[in-house]
Amino acid sequence: MHATDSLMFITSRPEVTFVRGEGSWLFDAEGRRYLDFIQGWAVNCLGHSPRVIVDALAAQAAKVLNVSPAYYNEPMRKLAARLAELSGMEKVFFTNSGAEASEGAIKLARKWGSLKRNGAYEILTFENAFHGRTLATMSASGKPQWDHLYEPKIPGFRKLPVNEIEAVRAAIGPRTVAVMLEPIQGESGVVPFTPEFMKEVRKLTTEAGLLLILDEIQTGIGRTGKMFCWQHTGVQPEIMTLAKGLGGGVPLGALVAKESVACFEPGDQGGTCNGNPLMTAVGLAVVNEVSRPAFLEQVEDNGGYLMERLRAMSAALGLGEVRGQGLLVALELGKPFGSKVVDEALKRGLLVNSPRPGSLRFMPALNVTRPEIDAMLSTLETILKEET
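From a predicted model like this one, the values you see are computed outputs, not experimental measurements.

Here's the deal with the packing of helix α2 (residues 51–61) against helix α8 (residues 277–290)
- Look at α2 against α8: their axes get within 9 Å of each other, and the N-to-C directions meet at 145 degrees. Helix-helix and strand crossings are classified by hand; for α2 and α8 the assignment is right-handed. On α8, the residues touching V52, I53, A56, L57, Q60 and A61 of α2 are P277, L278, M279, A281, V282, A285 and V286.
- For the contact of α2 with α8, the residue count by class is 12 nonpolar, one polar and no charged.

Right, dumping it as structure tokens:
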């Protein structure tokens, strides 16, 4: 039996096994290297096996790996304080994944609704949204492929069209407790909510006495050139979820909330490994690195460079829109051959993602270099010229 036969099938994978990574590069079992512009789906914000994470893991592993969540540990307290300081939101609950963070946000909003809004529980979400793979977060998500999967779904979510404020206004009723959205929908193809919509939805939720939940699992921790994407518009939520880049490659998520809505009581929420010192020590090292103003400026500069070069390529080859912010960028191909481009890129030592048949998504390490961006663009242009 082939070794991979022991893995439960959940997706088609190419016949390549990665054994080592360094910065923007991965190496397979045959010694071949690949330029990685996926980085674990925007997870490895500092690239593969960066020294800051290796050192944090080694130092903390020599102290203590885990203690019961019934007790404090030092890295957990330090990382919570740092996230509160950076976000201006006072309370943090750590999780092991983004889905778990989003699940916690749903629980917190419903608990708050039961106490403060006459039992309101309904959360307004958006078409093509992606909030995770637990049953509740799949119910909140707007992926059409999930409409009839794992029935019956968790009730209490209404899916609205993106960037249509009047649809939000019309959907609010006595059972509504919150509006939940990703500032940029990553899995649907890097689809941003406009600054105007974000400001209007903030105004509307405030006037209606609702919570605003921002899913910053893909956009947070410097991905868009600010520590959190909402800082581009100043639209601060009551509840924010983080993961992916927060751990820089290790499983770590966070539910961040304003003190006024942090209403969990003993027994309401928990988790055996949540906030363990090994993972939160890594998170603290990552956050301290990414939050440096010079680091964020570099993300913004390189993101602008990547988008400028992609737009020039798109214009030259007759392709479509380039959109995104910072180093979360998509290119519309104009034709549904994204998977073919991904396959051909792999053969040439480049990893890119096609979230939809007609688009490509780029999520490189936040410390990617200009020469690495140029190398990716050169390979991609060669492939696209052959396909168009």
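More follows now that the structure is in view.
A word on the environment of F18
- Mapped onto the elements of the fold, F18 is located in strand β1 (residues 18–22).
- A residue is classified by how much of its surface remains accessible, and F18, at 33% relative accessible area, is partly exposed.
- Put simply, F18 and L319 are 301 residues apart on the chain and 32 Å apart in space, counted from C-alpha to C-alpha.
- Leaving out residues up to four positions away in the same chain, F18 has contacts with L26, F27, D28, Y34 and L351.

Side note on α2
- All buried positions along α2 are accounted for by I53, A56 and Q60. Angular distribution of buried residues about the axis of α2 spans 65 degrees; they occupy a single face of the element.
- At its buried positions, α2 is contacted by α3 (74–87) and α8.

Observations concerning the nonpolar core
- One finds V168, V290, F362 and L384 to be the most contacted residues of the largest nonpolar core, which totals 79 residues.
- A total of nine residues in this core trace back to one element, the largest contributor, which is helix α9 (residues 293–317).
- In contact with F362, not counting residues within four places along its chain, are F37, L306, L310, L327, L328, V329, L331, V352, M376 and L380.

Digging into the sheet that holds strand β5 (residues 122–126)
- If you walk across this open sheet you meet the seven strands as β4-β12-β11-β10-β7-β5-β6, and the pairing is mixed. Each having just a single partner strand, β4 (91–95) and β6 (157–160) make up the two edges of the open sheet. Strand after strand, the sheet turns through a mean of 20 degrees between neighbouring axes, direction not considered.
- Examined bridge by bridge, β5 and β6 share four bridges and lie parallel to one another. Bridge pairing in β6 places F126 opposite L160.

Considerations on the environment of A84
- In this fold, A84 is placed in helix α3.
- A C-alpha to C-alpha distance of 18 Å links A84 and G98, two positions 14 residues apart in sequence.
- Those residues in contact with A84, other than ones at most four positions away along the chain, are M89 and E90.

Looking at the confidence of the model for the protein chain
- Residues with a pLDDT of 70 or more make up 99% of the protein chain, whose mean pLDDT is 97.
- The element-level mean pLDDT for the protein chain is lowest in strand β16 (residues 353–356), coming to 96, with strand β10 (residues 211–215) highest at 99.

What about α9?
- Between its first and last C-alpha atoms α9 spans 36 Å; for 25 residues at 1.5 Å apiece the expected length is 36 Å, and the two agree.
- When we look at burial in α9, the residues that qualify are F295, L296, V299, N302, G303, Y305, L306, M307, L310, M313, S314 and L317.
- Tucked inside the fold, the buried residues of α9 contact α8, β13 (322–325), β14 (328–332), β17 (359–362) and α11 (370–387).
- One or two positions beyond α9, positive phi appears at G318, with a value near 70 degrees.

What about the sheet that holds strand β3 (residues 33–36)?
- With mixed pairing, the four strands of this open sheet are ordered in space as β1-β2-β3-β15. The strands lining the two open edges of the sheet, one partner per strand, are β1 and β15 (350–351).
- When strand β2 (residues 25–28) meets β3, the two strands line up antiparallel, connected through three bridges. Considered in β3, the bridge of W25 is made with L35.

Rules used throughout
- Residues numbered from 1 in each chain as written.
- Predicted model: local features only at pLDDT ≥ 70, side-chain atom pairs only at ≥ 80, totals over all residues.
- Heavy atoms only, no water.
- Axes fitted to C-alpha atoms, helices over the stretch in contact; angles between N-to-C directions.
- Helix = DSSP H or I, 4+ residues; strand = E, 2+ residues; numbered from the N terminus.
- Left-handed = near helix turned anticlockwise from the far one by under 90°.
- Contact = heavy atoms within 4.5 Å.
- Nonpolar A, V, L, I, M, F, W, Y, C, P; charged D, E, K, R; others polar.
- Buried < 20%, exposed > 50% of the residue type's maximum accessible area, 1.4 Å probe, protein only.
- Arc of directions from axis to C-beta.
- Core = buried A, V, L, I, M, F, W, Y, C linked by side-chain atoms within 4.5 Å.
- Pairing = 2+ DSSP bridges.
- pLDDT = per-residue confidence, 0-100.
- Expected span 1.5 Å × (residues − 1).

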